[in-house]
Amino acid sequence: MKQIKKIAIQGYPGSFHDAVCKQYFDQKVNVIPADNFNILGSLLSSGSVDGAVMAIENSIAGTILQNYRILREEKLWIIGEQYLRIKHNLLINAGTKRSDITEVHSHPMAINQCLIYLRKNLKAKLVETEDTALSAKKLAISKQKNVAVIASKEAARRYGLEILDTDIETNKSNYTRFFFLQQSRARPTIDANKASIYIKIPDKKGQLMKVLQVIDHHDLNLSKLQSYPVLGTLRSYFFHLDIEFDQLQQYLDLKVDLKSITNEYTELGIYKRDEININNNPKS
């Protein structure tokens, strides 16, 4: 019998990590919840799971910087990415009226993405929690009638909650980019057209400009440039880059030139880039 893969996610069944995990790996994986991204990285690097799903940036909230640190420190390898349209909903226990709600619970990012709706429609205390789906589960268990949560439609279905309002996020172009990870480095697939790397460069005038000029010279697309401080070292930064190409050899040629002007050059993954697709949504 084929062994079912164990895939770690940040969050719980019914979360957006759960939804994108099942889209990418298929519905038959054994999903292993992790309370935070540090635990998720440790589960994968230790070999306790076969893969992991990690959010890396959101179109509204920006980059999740700590996750680049985890990728580096745990030496994880990116095998793919996916953009997911995030739709938030206000969930309640049956019989709860809008006027009953005195608290709204959810992950801080979800709360921040729904602030205009919350301020306009409710006079409630906003309570930050570990996870959207876990908030839904706890509400269902507690049977509280004064609490609502922000979570997905799948969380409502899974935990038997009612949906008071749908699509309550402020910005309807709300996408999260997820990485799919494994423990060890893998050879690029034939359709690979994107590389995620990080570099360190000398703390000298014009060094970052040289990097950008080399990329421009090779006529490749730099789709992301993100700095992150080297902890404990002043004026020293990692620079995370996403580079897109048509043929793998184009990237390999660029790599040779970039390594000649950097102090450190490390690949995090070479994979097929995802295109934002308005139909690529969970039943949220």
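Refer to the structure above for everything that follows.
Residues numbered from 1 in each chain as written. Predicted model: local features only at pLDDT ≥ 70, side-chain atom pairs only at ≥ 80, totals over all residues. Heavy atoms only, no water.

## Let's talk about the sheet that holds strand 9 (residues 147-151)
- Read across the open sheet, the five strands follow the order 8-7-9-6-10; overall the sheet is mixed. The sheet terminates laterally at strand 8 (125-128) and strand 10 (162-165), the two strands that pair on one side only. Each strand axis lies, on average, 35° off the axis of its neighbour in the sheet, ignoring direction.
- Where strand 7 (residues 103-106) and strand 9 come together, three bridges link them in parallel fashion. What sits directly across from His105, in strand 9, is Val149.
- Those strands touched by helix 6 (residues 132-142) are strand 6 (89-92), strand 7 and strand 9, and its axis lies near 150° from that of strand 9. (Pairing = 2+ DSSP bridges. Helix = DSSP H or I, 4+ residues; strand = E, 2+ residues; numbered from the N terminus. Axes fitted to C-alpha atoms, helices over the stretch in contact; angles between N-to-C directions. Contact = heavy atoms within 4.5 Å.)

## Quick word on the pattern of salt bridges
- Per the counting criterion, the structure on display carries 18 salt bridges.
- Lys224 is the partner of Glu57 in a salt bridge, and the nearest nitrogen-oxygen pair spans 3.6 Å. With Glu57 in strand 3 (residues 51-58) and Lys224 in strand 13 (residues 221-229), this residue pair connects regions lying 167 residues apart in the sequence. As far as burial versus exposure is concerned, Glu57 and Lys224 are alike and both buried.
- Between Arg273 and Glu275 there is a salt bridge, and its shortest N-O distance comes to 3.0 Å. (Salt bridge = Lys/Arg side-chain N within 4 Å of Asp/Glu carboxyl O. Buried < 20%, exposed > 50% of the residue type's maximum accessible area, 1.4 Å probe, protein only.)

## Comments concerning the environment of Tyr237
- Relative to the assigned elements, Tyr237 resides in strand 14 (residues 237-244).
- Among the residues examined, Tyr237 registers a relative accessible area of 40% and is labelled partly exposed.
- If we ignore the near neighbours within four places in the chain, the residues touching Tyr237 are Ile199, Lys200, Ser227, Tyr228, Pro229 and Val230.

## With respect to the packing of helix 8 (residues 207-217) against helix 9 (residues 248-259)
- At a minimum axis separation of 10 Å, helix 8 and helix 9 run at an interaxial angle of 155°. Regarding the angle of helix 8 to helix 9, the classification is roughly antiparallel. Every pair of crossing elements has a handedness; the one defined by helix 8 and helix 9 is right-handed. Facing Val211, Val214 and Ile215 of helix 8, the residues of helix 9 in contact are Leu254, Asp257 and Leu258. (Parallel < 35°, antiparallel > 145°, perpendicular 65-115°, else oblique. Left-handed = near helix turned anticlockwise from the far one by under 90°.)

## Notes on the nonpolar core
- Core analysis: the biggest nonpolar cluster contains 37 residues, and Cys21, Val53, Leu71 and Leu181 have the highest contact counts within it.
- Top element by residues in this core is strand 3. It accounts for five residues.
- Core analysis: the next-biggest nonpolar cluster, separate from the first, contains 19 residues, Trp77, Ala192, Ile199 and Phe245 among them. (Core = buried A, V, L, I, M, F, W, Y, C linked by side-chain atoms within 4.5 Å.)

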